[in-house]
Amino acid sequence: PRELDPEIATMVAYFEERTKEPRFLILPDSSYMQRWDLITLLALIFTAFVTPYEVALLESDSDYFDLTTWDLLFAVNRLIDMIFLKDMVMQFFLAYRLNTNGGGAGLLIRNFDSIRKNYLNTWFAIDLLSIIPFDLIATLANSDSLESLKIIRIIRLLRLLKLARIFKASRIFKRLESRLSISYSVIGLIKFAILLLVVGHWMACAWCMVGGGVPAQIEAGSNWIKYVSTNLNGADDDGIPLLELSAWEIYVASFYWSIVTITSVGYGDVTPQNVSEMQWCTCFLLMGSCLWAYIIGSACGIVSNLDVDTIEHQQTMDSLNTFMSIQNFDQTLRIKVRAFFNQTKDLAKADSHKALINRMSPCLKEEVTAKNCEWIQQIWYLKGFQPALSVTLLDYLVPSVFTPQEKVAIVDCLCVVSRGVAS
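Residues numbered from 1 in each chain as written. Predicted model: local features only at pLDDT ≥ 70, side-chain atom pairs only at ≥ 80, totals over all residues. Heavy atoms only, no water.

1. Considering the overall build of the protein chain
So, step 1. Assigned secondary structure in the protein chain consists of 17 helices and two strands.
So, step 2. Long-range pairs, those at least 24 residues apart, make up 67% of the contacts in the protein chain between residues at least 6 apart in sequence.
So, step 3. With an accessible surface of roughly 27800 Å², the protein chain has 63% of that area assigned to carbon and sulfur atoms. (Helix = DSSP H or I, 4+ residues; strand = E, 2+ residues; numbered from the N terminus. Contact = heavy atoms within 4.5 Å. Areas by Shrake-Rupley, 256 points an atom, 1.4 Å probe, with all protein chains shown as cover.)

Structure (C-alpha cells):
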C-alpha cells in the first residue's frame, strides 16, 4: 500500500487519538448503563419508602460485626449501600454531556480528568453524605460507653441523611428521557402523584417520631398515639390503653393523618395532644398546604394542555363561530363551514408534523420521511419506486380539503385522493 504523506499521517494519528475511547470509560447511553439505571432506580425507591419507616418505627438488634444477628431488612440495607457505593465509583468513569448555553451544549465529555473534576464539583458531596454508614455508628452507640438513649435517637435521625440519595433520581431521569415515549404532560401528572405519595409518607413517618415512634420508646404522658390507641382499643380506669398499637398500625394512622392534612380535609380524629405536637402539627399544616396548592395549580395547567392540537382546533372553532355570528350567516352555511373546519383538523396536525420533520438533520429527515410516506407506495403508479424518490415527492405534495359536491378547478396538477370520490 502507498505510504501516506507525513503531514496527512500526523493528522490521521491526531484524529485517531482524539476519537479513541479511554479504557474503562462508561457511556451514559450504553446498554450497561440502561440496566444499571433500573437497578439504581429500584434502590432509590427502597430508600425513599423504607428508610424513613425504619428510622421512625423499627428498632433493630442487628450487630454490624455479627452476621448471626442480621435480619432480612438489615441485609437488604447493606446490599443497597453496596449499590450506591458502586454507583459512586462509577461516576468517576461515566462520560457526561456539557450543559451550557454556548455552542458546546450536549457535547459528550470523555476525558477522565474533566469527568472527575466535574463530578467532584457537583454531586460528589451529596453522594458521599448518602453512603456514610450510620448503621455502623448506631452499633457502636449501643456499646456500654455510649448507652445514652438521647445519643442513640440522634444517630437514628442522622440515618435520614440517606434520603440525599433521592437527588440521584434527577440524573437517572435525564438519561431515561430520550428512551421514554410518554407525553411530558402525562409524565408531569405522574410526578405530582409520586410527589404527593412520597411527601405524605415522609410526613407520616415524621408524625410518628413526634408521637414517640418506636412503640417500646413511647414516653409517658399524653400523645396522639395513645389517643388513637384509646379510641380504637379502649382504656382502663387510669386512662391507659388496653392494647398498644403495633408499628404498622401507628404508621397507618399517621399516613391517614398526613394525607387528610396535605389535602386540607382534616377530619379531626387524629389530633395533637400536647404543646409540642401542636407546634409540629402547625409546621406540617403550613408545608402541606403549600405542597397541595403547588400540585393543584401545576396539575390544572398540565391537564388544560394535554392535547394541544384539540385545544387549538377548539379555539379556531370558537373564533369561527364568533365570526359567523357577527356576519349573520344563515344556518345552512354555518353548518357547511363548521363541517369543513372539522375536516381540516387532521390537516393542521399534519402541518405541525411536517414542521417537526423540517427541523431534523438531512439523514434523519430522510429516514423519518421514508417511514412517514409508506402510503405513497400504495399508489399504483408509484409502486416500486426507490424510497429516496418517495421522500422527494413528499416535499412537493400539498394537502387540501374540499367540501362535498364542490367544483374544483385544478390545472396541470397530479392529485392523489385520500378520502372521498372525485369525478
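So, next bit.
2. Comments concerning the packing of aromatic side chains
So, step 1. Evaluated as defined, the whole model comprises 16 aromatic pairs.
So, step 2. Pairing Trp 207 with Trp 224 gives two aromatic rings, centres 5.6 Å apart and planes at 15°, and the pair type is stacked. Taken as a pair, Trp 207 in helix H9 (residues 184-211) and Trp 224 in helix H10 (residues 224-233) lie far apart in primary sequence, 17 residues in all. Comparing Trp 207 with Trp 224 shows no difference in burial state: the two are buried.
So, step 3. Among the aromatic residues, those joined into a cluster by ring pairs are Trp 207, Trp 224, Trp 257, Trp 280 and Phe 284. (Phe/Tyr/Trp six-rings, centres within 6.5 Å; stacked < 30°, edge-to-face > 60°. Buried < 20%, exposed > 50% of the residue type's maximum accessible area, 1.4 Å probe, protein only.)

3. A short note on the confidence of the model for the protein chain
So, step 1. Mean pLDDT over the protein chain works out to 80, with 83% of the residues at or above the 70 mark.
So, step 2. Of all the helices and strands in the protein chain, helix H7 (residues 149-158) carries the lowest mean pLDDT, 61, while helix H11 (residues 247-262) carries the highest, 91. (pLDDT = per-residue confidence, 0-100.)

4. Overview of the environment of Ser 304
So, step 1. Note on placement: Ser 304 falls in the loop between helix H12 (275-303) and helix H13 (308-326).
So, step 2. On the basis of relative accessible area, Ser 304 is assigned to the partly exposed category, the value being 42%.
So, step 3. Separated by 119 residues in sequence, Ser 304 and Ser 185 place their C-alpha atoms 9.6 Å apart.

5. A look at empty space enclosed by the protein
So, step 1. Applying the stated criterion across every chain, the model contains one cavity of 30 Å³ or more.
So, step 2. There is about 50 Å³ of room inside the largest cavity.
So, step 3. Every residue lining the largest cavity is listed: Thr 40, Asp 87, Gln 91, Lys 168, Arg 171, Ile 172 and Arg 175.
So, step 4. For the lining of the largest cavity, the element with the most residues is helix H8 (residues 168-176), which contributes four residues.
So, step 5. The class makeup of the residues in the lining of the largest cavity is one nonpolar, two polar and four charged. (1 Å grid on protein atoms, 1.4 Å probe; cavity = no way out; pocket = protein on both sides within 12 Å on 5 of 7 lines; lining within 4 Å. Points joined across faces, edges and corners; volume = space filled by probe spheres on them. Nonpolar A, V, L, I, M, F, W, Y, C, P; charged D, E, K, R; others polar.)

6. Points about the pattern of salt bridges
Charged atoms that come close allow side chains of opposite charge to pair.
So, step 1. The final tally for this structure, using the stated rule, is two salt bridges.
So, step 2. Here Asp 29 makes a salt bridge to Arg 97, at a shortest N to O gap of 3.2 Å. A residue pair is termed long-range when its members are at least 10 positions apart, and Asp 29 in the loop between helix H1 (6-19) and helix H2 (31-57) and Arg 97 in strand E1 (residues 96-97) qualify at 68 residues.
So, step 3. The shortest N-O distance in the salt bridge between Arg 78 and Asp 81 comes to 2.8 Å. Of the two residues, Arg 78 and Asp 81 both sit in helix H3 (residues 72-90), three residues apart, roughly one turn of that helix. Note on accessibility: Arg 78 and Asp 81 belong to one class, buried. (Salt bridge = Lys/Arg side-chain N within 4 Å of Asp/Glu carboxyl O.)

7. A closer look at the layout of surface pockets
So, step 1. By volume, the largest pocket amounts to about 1900 Å³.
So, step 2. Element by element, the count of residues in the lining of the largest pocket is highest for helix H15 (residues 345-358), at eight residues.
So, step 3. Residues of the lining of the largest pocket, tallied by class, amount to 22 nonpolar, eleven polar and eight charged.
So, step 4. Mapped onto the lining of the second largest pocket, the elements with two or more residues apiece are H2, H8 and H9.
So, step 5. The greatest single-element share of the lining of the second largest pocket, amounting to eleven residues, is contributed by H9.
So, step 6. Considering only residue class, the lining of the second largest pocket consists of 22 nonpolar, two polar and one charged.

8. Notes on H2
So, step 1. Here H2 is 27 residues long and its end C-alpha atoms lie 39 Å apart, about the 39 Å a rise of 1.5 Å per residue gives.
So, step 2. Approximately 30° is the largest bend angle found in H2, and it occurs at Val 50, with the proline Pro 52 only one to four residues beyond. (Expected span 1.5 Å × (residues − 1). Bend = angle between axes of the 7 residues up to and from the residue.)

9. Section: the side chain of Glu 277
So, step 1. Within the element layout of this structure, Glu 277 appears in helix H12.
So, step 2. Of the buried charged residues, Glu 277 lacks a salt bridge, with Lys 226 as the closest side chain of opposite charge at 9.9 Å.
So, step 3. In terms of polar contacts, Glu 277 uses its side chain to reach the backbone amide nitrogen of Gln 273, at 2.8 Å.
So, step 4. Here Glu 277 is in contact with Trp 207, Val 210, Gly 211, Asn 223, Trp 224, Thr 271 and Pro 272, once residues within four sequence places are set aside. (Lys, Arg positive; Asp, Glu negative; His and termini not counted. Polar contact = N/O pair within 3.5 Å; in protein donor to acceptor, adjacent residues only side chain to side chain.)

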